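Architecture at a glance
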Amino acid sequence: MDSDEYQWLEVDLGERKQVTAVATQGRYGSSDWQTAYRLMFSDAGHNWRQYRQEGSIGVFSGNSNADSVVQHKLQQPVVTRYVRLVPLHWNPKGRIGLRLETYGCPYNSDVVSLDGHSSLCFRLSPMQMSSRSLFVKFKSMKNSGVLLHTEGQNDHSLTLELNEGRLLLLLRKGRSLPLSSPHTVSLSSLLDDQHWHRVAVEHRSNHLNLTVDKSTMRVDLEFLLADVVLVVFLQMHVGADQSSNRNFHGCLENLVYNGLNLVELAKHKDPRVDGNVTFSCSEPVFVAVTFTGPRSLLILPGGSDPPSVGGSVRLQFRTWNKEGLLLTYDLPKREGTVWLYLSQASLHLQVHKPDRAPLELRAGSALSDGQWHSVDLISGQEHLTLTVDKDEGAQASPSFLVTPGGRLFFGGCPTKETNMECRNLFRHFQGCMRLITVNNQPVDLIKVQQRMMGDFTNLQIDMCGIIDRCSPSHCEHEGSCSQTWSTFHCNCSNTGYSGATCHSSIYEQSCEAYKHKGNTSGFYYIDVDGSGPIKPHRMFCNMTEDKTWTVIRHNNTELTRIHPSPEGGQIYFEYAANEEQLYKMIDQSERCEQEVTYHCRKTPLLNTPDGSLLRWWIGGPGAGVKQSSWGGGLMGSQQCSCSLQENCDDLGHHTNSSVWAIDSGVLTNKESLPVRSLVLGDIQIPGFQSAYKVGPLHCHGDKNIWNAAFFDMETSYLHFPTFHGELSADISFLFKTTSSSGVFLENLGIRDFIRIELSSATEVLFSFDVGNGPLKVSVKAGFPLNDNRWHHIQAERNVKEASLRLDGLPAATQEAPADGHIHLQLNSQLFIGGTASRQKGFRGCIRSLRLNGITLDLEDRARITPGVQAGCPGHCSTYGSLCQNFGRCEEGKKSFSCNCGSSAYTGAFCDEDVSVSFKSETSIRYYFEDETAVKPNRSIISDMTSRAESISLSFRTSQSPALLLYVSSYLREYLALVLNEQGEFSFYELEVRYKMDSSKDAEILKSKVKNFSNQQLHSVSISRVAEGVTLQVYSILLLITHAVIIHFFKSALVNPELAQLSSLGFTGCLSAVLFNSISPVKAALLHPDTSPVAITGPLVRSSCGSTSVNPYAAETTRHLSDQSGSERTGQPLANAIRRDSALIGGLIAVVIFGIVSALVILARFLYRRRGTCQNQEVKKQRDNPGLAFTNKTSSQNGLAESQKEYFI
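Residues numbered from 1 in each chain as written. Predicted model: local features only at pLDDT ≥ 70, side-chain atom pairs only at ≥ 80, totals over all residues. Heavy atoms only, no water.

Looking only at helices and strands, the protein chain features 12 helices and 82 strands. By the burial criterion, 52% of the 1208 residues in the protein chain qualify as buried. Here the protein chain has roughly 55,500 Å² of accessible surface; of this, 50% comes from carbon and sulfur atoms. (Helix = DSSP H or I, 4+ residues; strand = E, 2+ residues; numbered from the N terminus. Buried < 20%, exposed > 50% of the residue type's maximum accessible area, 1.4 Å probe, protein only. Areas by Shrake-Rupley, 256 points an atom, 1.4 Å probe, with all protein chains shown as cover.)

The next thing to look at is the state of the cysteines. In protein structure, a disulfide is the covalent linkage between the sulfur atoms of two cysteines. What the rule picks out here adds up to 12 disulfides. Here Cys 413 is linked by a disulfide to Cys 422, with a sulfur-sulfur distance of 1.8 Å. Across the disulfide from Cys 413 to Cys 422, rotation about the S-S bond amounts to roughly -75°, and the bridge is consequently left-handed. (Disulfide = S-S within 2.5 Å.)

One open sheet accounts for 6 strands, arranged 53-62-55-56-57-58; its pairing is antiparallel. Each having just a single partner strand, strand 53 (718–720) and strand 58 (775–780) make up the two edges of the open sheet. Within the sheet, the average angular offset between the axes of one strand and its neighbour, ignoring direction, is 15°. (Pairing = 2+ DSSP bridges. Axes fitted to C-alpha atoms, helices over the stretch in contact; angles between N-to-C directions.)

Here strand 70 (residues 948–957) lies mainly inside the structure; 7 of its 10 residues are buried. Sheet topology places strand 70 next to strand 75 (residues 1018–1025); 8 bridges connect them, and they run antiparallel. Across the sheet, residue Ser 952 finds its bridge partner in strand 75, namely Ser 1021. By the bridge criterion, 6 bridges tie strand 70 to strand 79 (residues 1068–1075) in an arrangement that is antiparallel. Residue pairing for strand 79: Ile 951 is matched across the bridge by Phe 1075.

Time to look at the packing of aromatic side chains. Scanning the model with the defined rule gives 25 aromatic pairs in all. Plain terms: the ring middles of Phe 138 and Phe 248 are 6.3 Å apart, the flat faces sit at 80° to each other, and that makes the pair edge-to-face. Taken together, the residues span a long stretch of sequence, with Phe 138 in strand 9 (residues 133–140) and Phe 248 in the loop between strand 17 (233–238) and strand 18 (249–257) at a distance of 110 residues. On the accessibility criterion, Phe 138 (0% relative accessible area) is buried. Given a relative accessible area of 0%, Phe 248 falls into the buried group. Through successive ring pairs, a cluster of aromatic residues spans Phe 711, Phe 733, Phe 735, Phe 744 and Phe 842. The cationic tip of Lys 626 hangs over the ring face of Trp 616; the distance from NZ or CZ to the ring centre is 4.0 Å. Over the aromatic face of Trp 790 sits the side chain of Arg 847, whose NZ or CZ is 4.5 Å from the ring centroid. (Phe/Tyr/Trp six-rings, centres within 6.5 Å; stacked < 30°, edge-to-face > 60°. Lys NZ or Arg CZ within 6 Å of the ring centre and 35° of its normal.)

Bringing the environment of Leu 384 into the picture now. Tracing the chain through its elements places Leu 384 in strand 29 (residues 383–388). The exposure class assigned to Leu 384 is buried, which follows from its relative accessible area of 0%. Along the backbone, Leu 384 and Val 402 are 18 residues apart, and their C-alpha atoms lie at a distance of 7.5 Å. In this structure, Leu 384 is in contact with Leu 349, Leu 359, Leu 361, Leu 377, Ile 378, Ser 379, Ala 394, Gln 395, Ala 396, Pro 398 and Val 402, ignoring residues within four places of it in sequence. (Contact = heavy atoms within 4.5 Å.)

This brings us to the sheet that holds strand 34 (residues 455–457). Pairing between sheet strands relies on hydrogen bonds along the backbone, with the strands arranged either parallel or antiparallel. Ordered in space as 27-26-25-24-31-22-34, the 7 strands form an open sheet in which the pairing is antiparallel. The sheet is open, and its two borders are formed by strand 27 (359–363) and strand 34, each paired with just one other strand. Neighbour-to-neighbour, the strand axes of this sheet turn through a mean angle of 10°, independent of strand direction. As defined by bridge partners, strand 24 (residues 324–330) adjoins strand 25 (residues 337–343) across 6 bridges and the pair is classed as antiparallel. By the bridge assignment, Leu 327 is partnered in strand 25 with Leu 340.

Moving on to the nonpolar core. If you look at the biggest cluster of nonpolar residues, it comprises 53 residues, and the most contacted ones within it are Ile 526, Ile 552, Val 675, Leu 697 and Phe 896. With 4 residues, strand 45 (residues 591–601) is the largest single contributor of residues to this core. Beyond its immediate stretch of four places on either side in the chain, Phe 896 contacts Lys 515, Trp 706, His 875, Cys 876, Tyr 879, Leu 882, Cys 889, Glu 890 and Phe 909. Counting 43 residues, the second largest nonpolar core, distinct from the first, contains Phe 291, Leu 298, Leu 361 and Leu 384. (Core = buried A, V, L, I, M, F, W, Y, C linked by side-chain atoms within 4.5 Å.)

Tallied over the entire structure, the rule returns 32 salt bridges. For the salt bridge of Arg 272 with Asp 270, the shortest nitrogen-to-oxygen distance reads 2.9 Å. Judged by relative accessible area, which is 32%, Arg 272 ranks as partly exposed. On the basis of relative accessibility, which here comes to 16%, the residue Asp 270 falls in the buried class. Asp 546 is the partner of Lys 547 in a salt bridge, and the nearest nitrogen-oxygen pair spans 3.7 Å. Relative accessible area serves as the criterion here: at 30%, Lys 547 is assigned to the partly exposed category. Beyond isolated ion pairs, a larger network of salt bridges with shared partners links Arg 16, Asp 43, Lys 137, Lys 139, Glu 253 and Glu 283. (Salt bridge = Lys/Arg side-chain N within 4 Å of Asp/Glu carboxyl O.)

So, about the UniProt feature "domain: EGF-like" (unreviewed entry) in the protein chain. Under the present numbering, the feature "domain: EGF-like" (unreviewed entry) in UniProt falls on residues 466–503 and 873–911. A distance of 26 Å separates the end C-alpha atoms of residues 466–503, which is 0% helix and 26% strand. In this annotation, residues 873–911 is assigned 10% helix and 21% strand; the end-to-end C-alpha distance for the span is 25 Å. (UniProt positions renumbered as here; feature names shortened; annotations may be inferred.)

Relative to the helices and strands, Asp 462 resides in the loop between strand 35 (459–461) and strand 36 (480–483). The buried charged residue Asp 462 lacks any salt bridge partner; its closest oppositely charged side chain belongs to Arg 84, at an N-O distance of 5.6 Å. Within the structure, the side chain of Asp 462 is placed 3.0 Å from the backbone nitrogen of Asn 47, a separation counted as a polar contact. If we skip the residues at most four places from it in the chain, Asp 462 touches Gly 45, His 46, Asn 47, Trp 48, Val 287, Ala 288 and Ile 446. (Lys, Arg positive; Asp, Glu negative; His and termini not counted. Polar contact = N/O pair within 3.5 Å; in protein donor to acceptor, adjacent residues only side chain to side chain.)

Before going further, it helps to examine the confidence of the model for the protein chain. Summing up the model confidence of the protein chain, the mean pLDDT is 80 and the portion of residues at 70 or higher is 78%. With pLDDT under 50 throughout, residues 1036–1054 is counted as low confidence; its partners more than four residues away or in other chains account for 75 contacts. Overall, residues 1108–1151 carries pLDDT values under 50, and its contacts beyond four positions in sequence, including any with other chains, amount to 74 contacts. (pLDDT = per-residue confidence, 0-100.)

Looking at where Trp 320 falls in the secondary structure, it is placed in the loop between strand 23 (310–318) and strand 24. A relative accessible area of 9% means that Trp 320 is categorised as buried. Each C-alpha atom, one on Trp 320 and one on Gln 430, is 8.1 Å from the other, the two residues being 110 residues apart in sequence. Filtering out sequence-adjacent residues up to four positions away, Trp 320 remains in contact with Leu 190, Ser 368, Asp 369, Gly 370, Ile 466, Ile 467, Asp 468, Gln 483, Thr 484 and Trp 485. Within the structure, the side chain of Trp 320 is placed 2.8 Å from the backbone oxygen of Ile 467, a separation counted as a polar contact.

For Ser 109, the location among the structural elements is in the loop between strand 6 (99–106) and strand 7 (111–115). We classify Ser 109 as partly exposed; its relative accessible area is 28%. For the pair Ser 109 and Arg 16, spaced 93 residues apart in sequence, the C-alpha separation works out to 9.5 Å. Ignoring any residue separated from it by four or fewer positions in sequence, one finds Ser 109 in contact with Arg 16, Glu 253 and Asn 254.

Across the junction of Ser 471 and Pro 472, the peptide omega takes the value 0°, indicating a cis bond. Within the secondary structure, Pro 472 is located in the loop between strand 35 and strand 36. Look at the link from Leu 673 to Pro 674: it is a cis peptide, with omega at 0°. Topologically, Pro 674 is positioned in the loop between strand 48 (661–667) and strand 49 (675–680). One non-glycine residue, Glu 164, lies in the positive phi region at around 50°. Mapped onto the fold, Glu 164 is located in the loop between strand 11 (157–163) and strand 12 (166–172). By relative accessible area, which is 46% here, Glu 164 ends up partly exposed. The backbone of Glu 382 sits at a positive phi, close to 55°, despite the residue not being glycine. Relative to the helices and strands, Glu 382 resides in the loop between strand 28 (373–380) and strand 29. The class for Glu 382 is exposed, based on a relative accessible area of 53%.

Next comes the structure, spelled out in structure tokens:
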């Protein structure tokens, strides 16, 4: 016997049995045994089916010697008569040697055959049952047809139908509805493979379970369809639907409805059964052949004497691939070549003949759908026809016959072909073929298998090994699945998820997490459970300096008046988030609150103090719970605030009876939130008047993102229940450490495991084994990870690939074997921060650990675990850079915040501009000392006098001259910033006038930037150290920075003129005003009652200072789409920036800024050389500052000498 891959051992069990296990041995006393094999099953000795574990693994491990027995229990028992074992590998020092034993039990069944014209009709007796079920097995010869159709009361019906190889369940309520109205679901595919398939329909309360083989789908019943299933079916048509011609062609087995075997009734000719069928299963013999890979090839003879009048080639094929060569052959006398191939899922025919233009035909479309498609290639005298599925064809009229002149090559060409008889210009074919005919002669593929005709390599004959890798689909979160012969692909567009199986959410789980990434207030999509089943939802995140609020609105947040009605009524509130999102959001928040306001007059809560409630509200998860407290009342008190304070007009009814009262309060009990409805009883009381207002739900904090534990020793760890991530597992956490290695996480099984570790100071390693051998994915950082700063790890494993992401570095990925084990089977405890062996433990902090979207409570477990501490402070070392504009990062117990007290800005990161629009009568005075303080003596003044100041502000105006800012001290020292007209061209210059010594004259510092009154935004920085003053001006329009000391001009008696100038007032905008660490504009605008400020005239907040400092910045667009392919997860949804524009704008800005900077540096260098000489002779001008205004006196704005003040 030859030892090659085309040998097999076949066993006939005599009749159909249920096989549960197989065992193998080698040949006794020899070196002959097989090391790997494939199992095949068949009912009739043909049309074999390969057994696959976990849906894809088709190879069983064999023996390692000749005598030991290796047994494999089948995950799913198989009902079969014939068993075939095909050795794949054997002992290289011997030959194939095999002893086989099968294990199982008898199998009984009742079978009925339906030929496409026959059917059965059952008249069912009404039965009252608590649950209903329907079970049947079928084998189909065609890809479409009605298996059964049931009808009940009111013409309600349920139908099971095969449509293009998929099973459809149709529920219809009444005959009056159009045909397009039934509720339809589909499951599985490739059910026309002439093998048995099991179907179960089980009614469970408010849903159905539809099962096909190993796949189960839950069908939630809509309100209108609920009674369709509850109805008692009175009639069942099997194999046909009386209203259509979609009859079933195949066999049914063990049809059981509510425990009653209907086929057995038909066998015994029960009077309740009509029909004419046979009780056996006969099927035609279709021998298929499977092309599994690039080495697969079928060669058939074309005949030595081709017909002179024409010829034909016919076949059927099925595949998932859009490309592939079906057939090629040479024309007679090798005068040309013919290629029949798939391209873009259409069938193409090319005929190449020397000295002639190529002949091309195309037919069919979408031929890569896994269905059987027929091909007819017919050639005659000056006639060529290519037809697909009998009705789509293309024709041509060549002057020569397109018939085979030699051998025909199906699926590809031999790898070593020297005579050029076969040339494949296209991809190889992967799929199945059957019913091949050449010149109207059917090809006997069994003879090919027996080497009696033709030839083949790497083929599976008498079976079609096509697999539907999308049924069941491994694409999660409604991702769409597509496939080729060897793999599948998930399209995650519009899902909000990413990854090979659409498993990982592209959105954060809370507003706190968005702030954690440096985002500011705006609309964001929040995915409260990460990769879990709850869909992301758009919410508003209000990020303030101290807290981050999630705002969830409902359909009525306005003050609403209640109209009198004797019946009362109930007012419902519909929130922007669904029930699951609300519950999860409230649960993971530190605090939630909702304001309720009740305006009332003569509106009692109770009939009597101890009587029944007249009004209440319902709140809490699900349907909610009745709540009796209002406004400021305590929970369950049945009172409002006026009752508690005993100041109601009518204490007998706990009500304000004669006057309008406003009772408002904030509800903070998370268990009673959100407010779902208001219930109003008798509201027809004489004089009754009331109104209500229920605000949005506000929640802040995230208990999960800051949940952390500190591991003090390498032998310490936390343990949790076994991690269940059989098909998909995502793990994310943050860590910080000073150690160079350590295991973050480990979970073990019998053979499987999963582990994430810090393998070195610069590398993170993710490793696991699902039965195919260890697989490792690593990321090298290129920078130290033991720097005691937070680093983010995201690891994912699914049936297609494993990925690992570290901080913002590119993700590393590793593909999984296409037909390997896919289930991760773990059984030990989950160890965090260490291992079961107490070796290679991690020393440091782990925070926000999530497994498949579920956060592990590290702090709770750490409190009872020695060597582990709950919590881990020290966030500012990592996130302190988020605080901008002199904001100071402050550590919180479980977070960090930016203190903007010394910044001119506000907001979560001190990045929100504070701008004020000034009118001519508006002014702000900021007092550094109390106005009533006693004037200190000289020595005290010298101690209090500042040796240096730093002033910065931005402004827009069209006015000139104008006084922008004035600072004075006890000793009549001052500094002023003014706009003044200079020169014959009426340019308006910016001047700094200052007097630092009352015994000396005032000096003037001028900027060379012209025309400041042009409504453009200008930024100014002034710094003084002792008597030296520096002026820096930044113009948005000019992109030029002046940071040089301008000429000093001496003047005297300037103070009165500045007072006159201030009387003109200032019209324009000031923003980001900062004097050392004091922001007078922010104090006046945001804290006028607690700050030492005096405001004159109207003060209106403006956004005039919010223009980007970079005029070449990317265009900002409002993007409200939830497209996963275009959404930037780190940006607010309403302020997402287009990436292409940002990239182009950024490059332009960098180039221009580089050029301008070079020019500025050169000018500054030349000017300083020039200034070195000029500064040796500083000229001072006295009493002639050249102020361009008329003399106007104004005593009301005179400055008091008893205090130092800041005047704007």
